Structures are given as structure tokens and as C-alpha cells.
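Chain by chain, the residues run as shown.
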Amino acid sequence: FMFFKTEYEFSSFPSGHSFSAWIFIVCLLTIFRDFFRNKLYFRLLLIYGFGICATRVMLNVHYFSDVFIGSILGIILTNCLMGFLARRYIKIAKD
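The sections below set out a description of the structure shown in this document. (Residues numbered from 1 in each chain as written. Predicted model: local features only at pLDDT ≥ 70, side-chain atom pairs only at ≥ 80, totals over all residues. Heavy atoms only, no water.)

Concerning the overall build of the protein chain
Phase 1: Scanning the protein chain for helices and strands turns up three helices and zero strands.
Phase 2: Along the protein chain, helices and strands appear, N-terminal first, in the series α-α-α.
Phase 3: In the protein chain, buried positions account for 21% of the 95 residues.
Phase 4: Expressed as a percentage of contacts within the protein chain between residues at least 6 apart in sequence, the contacts between residues at least 24 apart total 75%.
Phase 5: Surface exposure of the protein chain reaches about 7800 Å², of which carbon and sulfur atoms provide 69%. (Helix = DSSP H or I, 4+ residues; strand = E, 2+ residues; numbered from the N terminus. Buried < 20%, exposed > 50% of the residue type's maximum accessible area, 1.4 Å probe, protein only. Contact = heavy atoms within 4.5 Å. Areas by Shrake-Rupley, 256 points an atom, 1.4 Å probe, with all protein chains shown as cover.)

Next comes the structure, spelled out in C-alpha cells:
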């Protein structure tokens, strides 16, 4: 254990924080779709996501590419998983 150590030896590619933040955002947007039709709440959620990503870069913990790829992976994988779960477990009534 070292006090006041400024080097980060365990930074990863992609950024886990941005990955998790965008998973959280996409899940909220999918599950509570009607609630986030209000543009204020939607914008606050986006500010949260971009804020997490921006702070990772500003603190020099990750490069921009780490954060960008983490965000893209979080969005894509969550959409794929939500689509799979919707097809598998939610039966949509056919007209």
C-alpha cells in the first residue's frame, strides 16, 4: 500500500466505468421508456453518462479511445441483450 501514488497501473481497455454507466443508462431508457419521454430527465441521464466518461479522461485514468470503446460496447451489448430477453421472455400479442 502506497499513499499518494499518482500512477495508474491497472487502467484497462475498455473503460469499465464508461461501460457500466452506459449499460445503466440504456437499461433505464428501455425499461422506463415512458418516464424518459420528458426531455429534462433524458438530458440529465445523458449528462450523467457523458460526465462519467469525461471525468475518466480528465483524471488521466483512461485515454479517450478507452472511454469511447467502453461506451460503444456498453450501448451495443445492452441493446443486444435487451432484444434477446424481449424476444425470449416477453410474448407480444399478435393482431
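Still more ground to cover, so stick around.
Topic: unusual backbone geometry
Phase 1: Even without glycine at this site, N60 takes up a positive phi of about 60 degrees.
Phase 2: You can see N60 is positioned in the loop between helix 2 (39–58) and helix 3 (64–89).
Phase 3: Classification of N60 as exposed rests on a relative accessible area of 64%.

Some points on the environment of I52
Phase 1: Here I52 is to be found in helix 2.
Phase 2: You can call I52 partly exposed: its relative accessible area is 23%.
Phase 3: Sequence separation between I52 and S20 is 32 residues, and the spatial gap between their C-alpha atoms is 9.8 Å.
Phase 4: Excluding residues within four positions of it along the chain, I52 makes contact with H17, S18 and A21.

Let's talk about the packing of aromatic side chains
Geometrically, a pair of aromatic rings is defined through the distance of the ring centres and the angle of the planes.
Phase 1: A full pass over the atoms with the stated rule returns five aromatic pairs.
Phase 2: Judged by centre distance (5.3 Å) and plane angle (70 degrees), the rings of W22 and F50 are edge-to-face. Of this pair, W22 sits in helix 1 (residues 16–31) while F50 sits in helix 2, and the two are 28 residues apart along the sequence.
Phase 3: Judged by its relative accessible area of 7%, W22 falls in the buried class.
Phase 4: Seen from their ring centres, F35 and F36 are 5.2 Å apart, and the 85 degrees between their planes marks the pair as edge-to-face.
Phase 5: Given the relative accessible area of 46%, F35 is considered partly exposed. (Phe/Tyr/Trp six-rings, centres within 6.5 Å; stacked < 30°, edge-to-face > 60°.)

This is a description of form; function is not addressed.
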